[in-house]
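Each chain, written out:
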Amino acid sequence: VAADCIYMSITVLSGVSARFNIDEISLLKFYTACGQKYVSELADMDMAAVCFSKASEFRKSAQAAAAETEGGKRAFAKALFDLAIGSAECAWERNDTKNAEDLVADASEYLQELPEECEYLASVQFNFGLFAYRAKDYKRALSWLERCMVTRTLACNPVMQSSKQA
């Protein structure tokens, strides 16, 4: 309901967004956060998918808005990273493993811009590997765990940089 209210305030009521400074990046983040709540706390993958789909609708307009603000490129990259990871988790829960793999690959494209997310992405990959292992899908489990190790050892990973210094 809240997501529909926000969307209506932007599309139908138009002026409301100007008064409350609701921009496209904020909407992308809002719908992504709603989707993440549906995945992690409410276990409603259908509603999560709706929220992630709605967030994706703001991708182009958010990119244009991000280009106009200082720090916007990074905020946009973070919003898309979160959207990709949330969508991947939803896809995994819906047993759409191919889509989950594609979405995790999409998320990895933002690691140069967001090096602090390397460990988080690696933990998602590790968990997918663990779930596949428990499902006795050993080939897929090995693939996810190998991706986890690659992500953990990326040069942009701040954890790896600090361990090299030690």
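Just above, that's the structure.
Anyway, here's the lowdown on the structure attached to this text. Since the structure is predicted, the reported quantities are computational estimates derived from the model, not experimental observations.

**Considerations on the pattern of salt bridges**
A side chain of one charge can pair with a side chain of the opposite charge when the charged atoms of the two come close.
Working step 1: Enumeration according to the criterion identifies nine salt bridges in this entry.
Working step 2: Close ionic contact of Asp82 with Lys78 constitutes a salt bridge, the shortest N to O distance being 2.8 Å. Highlighted residues: Asp82 and Lys78, both in helix α6 (residues 72-93), separated by four residues, approximately one helical turn.
Working step 3: On the accessibility criterion, Lys78 (28% relative accessible area) is partly exposed.
Working step 4: A salt bridge links Arg152 to Glu119; its shortest N-O distance comes to 2.7 Å. Placement of the pair is Arg152 in helix α9 (residues 138-152) and Glu119 in helix α8 (residues 118-134), with a sequence separation of 33 residues.

**Here we look at helix α4 (residues 45-57)**
Working step 1: Between its first and last C-alpha atoms α4 spans 18 Å; for 13 residues at 1.5 Å apiece the expected length is 18 Å, and the two agree.
Working step 2: For α4, the set of buried residues is Met45, Ala48, Cys51, Phe52, Lys54 and Ala55.
Working step 3: Between the side-chain oxygen at the start of α4 and the backbone nitrogen of Asp46 there is a gap of 3.3 Å, and the oxygen is on Asp44.

**A look at the packing of helix α3 (residues 24-42) against helix α5 (residues 59-67)**
Working step 1: Where α3 meets α5, the axes come as close as 8 Å, and the angle between the chain directions of the two elements is 135°. Taken together, the axes of α3 and α5 lie oblique to each other. Crossing of α3 over α5 shows left-handed handedness. Taking contact as the criterion, the partners of Glu24, Ile25 and Leu28 in α3 are, on α5, Arg59, Ser61, Ala62, Ala65 and Ala66.
Working step 2: When the residues that make up the contact of α3 with α5 are grouped by side-chain class, the tally is five nonpolar, one polar and two charged.

Cut-offs used in this document
- Residues numbered from 1 in each chain as written.
- Predicted model: local features only at pLDDT ≥ 70, side-chain atom pairs only at ≥ 80, totals over all residues.
- Heavy atoms only, no water.
- Salt bridge = Lys/Arg side-chain N within 4 Å of Asp/Glu carboxyl O.
- Helix = DSSP H or I, 4+ residues; strand = E, 2+ residues; numbered from the N terminus.
- Buried < 20%, exposed > 50% of the residue type's maximum accessible area, 1.4 Å probe, protein only.
- Expected span 1.5 Å × (residues − 1).
- Polar contact = N/O pair within 3.5 Å; in protein donor to acceptor, adjacent residues only side chain to side chain.
- Axes fitted to C-alpha atoms, helices over the stretch in contact; angles between N-to-C directions.
- Parallel < 35°, antiparallel > 145°, perpendicular 65-115°, else oblique.
- Left-handed = near helix turned anticlockwise from the far one by under 90°.
- Contact = heavy atoms within 4.5 Å.
- Nonpolar A, V, L, I, M, F, W, Y, C, P; charged D, E, K, R; others polar.

Purely geometric stuff here, so don't read any function into it on its own.
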